[in-house]
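Overview (structure and organization)
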Amino acid sequence: MKENVTSNVGFTCAYTPLALIDAAGFAPYRILPLGSSPELAGRILHDNLCPHIKRILDRALGHDLPALAGVVFLNSCDAMRRLSDAWRAVRPGDRMVLIDLPAIPGETAVPYFARELSRLADVLSEWRGEPVSQKTIGESIERYNEAANLFATLRERLRNGGASGGAARLQALYNRAVTHPLNETCAMLKIAAGEPLSHSIDNSGVPIFAFGNVLPDPEAFELFETCGAKIVEADFCTGAREFAPLEITGPGDILTRLARGTLSRPRCARMIKPDKPGGIAEEVLERALACNARGVIACAAKFCDPYIARIPGVKELLREAGIPLLQIEGDCTMRSFGQHRTRIEAFAEMLRR
């Protein structure tokens, strides 16, 4: 018999298989590092730990969360693993599960990750009180791909200068999409994609490609605009990476194909391709050229070793291509981000010359 459970299941990483959570009858709820919760995580976690993780824990400590049927953590980095440990300490009554995420994408990692997804499906079935069917998983993947395609339409508008509200509105749509049920997300995106192109948008800003780990606050994108930097394309774990289409082709059952599709999506810096250790730099350059960006802004949370270690290589490759890069580090608050206003203004002014 199905339990009477809360519909939201929390998650914290863009590699979380949202379609699997949706197929189990839950609404995935991303715990974004937003809000005004008091900074309390420092009492439990080390000061020099990823601020993304600490802001999430601040929300838990500040009771700034909806009711959750459970929380899905991915062992995507050591900081995320520490978050799962801290969560167990501060919210011992929560149901939670930690899923391993391979660090090397590719076919050899697919069977292992598929077994982890099978374990997650079993846990979600236990939380829900009924099994997750392969048919339902396939249907959820199709609907998430529909949402991904709608977001692709909105990103195309942004690149072409006809998106009302610019990058700030697009980020607000991403935030709503990961905190509301999938059916509401698709309905919302269809309305946004059906709006007429705006011809009154100020396109005087310098076209910029922005990338990094997390940048969920729409106000940050508004700040870029006021500094003269027009974000025409962005690649963040709190944005486009969460809604890249899932290619579920190849052999195996639906969980094997979901594992393959998830590992094949645009990757963050913690994913390593042994045959192309500098591949992140090449991918950034390709994206910047594709959107005709005059410059690139790299936004990394402080103490995020995977990104901070790779940005010098990205900067060097961009320099060879004649594309300047500005690196920004912050603590996932607008207070921190706003301190870079003068640097962003100077960067945009330099690119105009």
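All figures in this text were calculated on a predicted structure; none of them were measured in a lab.

Parameters and conventions
- Residues numbered from 1 in each chain as written.
- Predicted model: local features only at pLDDT ≥ 70, side-chain atom pairs only at ≥ 80, totals over all residues.
- Heavy atoms only, no water.
- Buried < 20%, exposed > 50% of the residue type's maximum accessible area, 1.4 Å probe, protein only.
- Helix = DSSP H or I, 4+ residues; strand = E, 2+ residues; numbered from the N terminus.
- Contact = heavy atoms within 4.5 Å.
- Polar contact = N/O pair within 3.5 Å; in protein donor to acceptor, adjacent residues only side chain to side chain.
- Domains from an automatic or database assignment.
- Buried area = accessible area lost by both parts, 1.4 Å probe.
- Salt bridge = Lys/Arg side-chain N within 4 Å of Asp/Glu carboxyl O.
- Core = buried A, V, L, I, M, F, W, Y, C linked by side-chain atoms within 4.5 Å.
- 1 Å grid on protein atoms, 1.4 Å probe; cavity = no way out; pocket = protein on both sides within 12 Å on 5 of 7 lines; lining within 4 Å.
- Points joined across faces, edges and corners; volume = space filled by probe spheres on them.
- Nonpolar A, V, L, I, M, F, W, Y, C, P; charged D, E, K, R; others polar.

**Examining helix 8 (residues 218-226)**
Turning to helix 8, its buried residues number three or more, namely Pro218, Ala220, Phe221, Leu223 and Phe224. Packed against the buried residues of helix 8 are helix 6 (166-177), strand 6 (229-235), strand 7 (295-301), strand 8 (325-330), helix 12 (334-338) and helix 13 (341-352). Structurally, the start of helix 8 carries an N-cap: the backbone nitrogen of Glu219 is 2.9 Å from a side-chain oxygen of Asp217. Two residues or fewer after helix 8 comes Gly228, characterised by a positive phi angle close to 90°.

**A look at the domain arrangement of the chain**
According to the domain assignment, the chain contains domain 1 (2-133) and domain 2 (200-352). Roughly 2700 Å² of surface becomes buried between domain 1 and domain 2 when both sides are summed, with 70% attributable to carbon and sulfur atoms. If you sort the residues of domain 1 by the area they bury against domain 2, Tyr15, Pro51 and Pro105 come out on top, with a joint share of 23%. Here domain 1 is connected to domain 2 by 3 salt bridges. Here Glu107 and Arg260 are joined by a salt bridge, their closest N and O atoms 2.8 Å apart. Linking domain 1 with domain 2 are 9 residue pairs in polar contact (both at pLDDT 80 or more). At the level of secondary structure, the elements contributing two or more residues to the side of domain 1 that touches domain 2 comprise helix 2 (51-61) and helix 4 (110-128). No other element matches the 5 residues that helix 4 contributes to the side of domain 1 that touches domain 2.

**Structural notes on the nonpolar core**
Of all hydrophobic cores here, the largest spans 128 residues; its most connected members are Leu20, Trp87, Phe224 and Phe337. If we ignore the near neighbours within four places in the chain, the residues touching Trp87 are Ile31, Ile56, Leu57, Ala60, Leu65, Val71, Phe73, Pro92, Asp94 and Met96.

**Description of the layout of surface pockets**
Considered as a void within the structure, the largest pocket measures approximately 440 Å³ in volume. At the level of elements, helix 2, helix 3 (78-90) and helix 11 (305-320) are the ones that each hand at least two residues to the lining of the largest pocket. The class makeup of the residues in the lining of the largest pocket is 18 nonpolar, 5 polar and 4 charged. Structurally, the lining of the largest pocket is a two-domain feature, drawing no fewer than three residues from each of domain 1 (2-133) and domain 2 (200-352).

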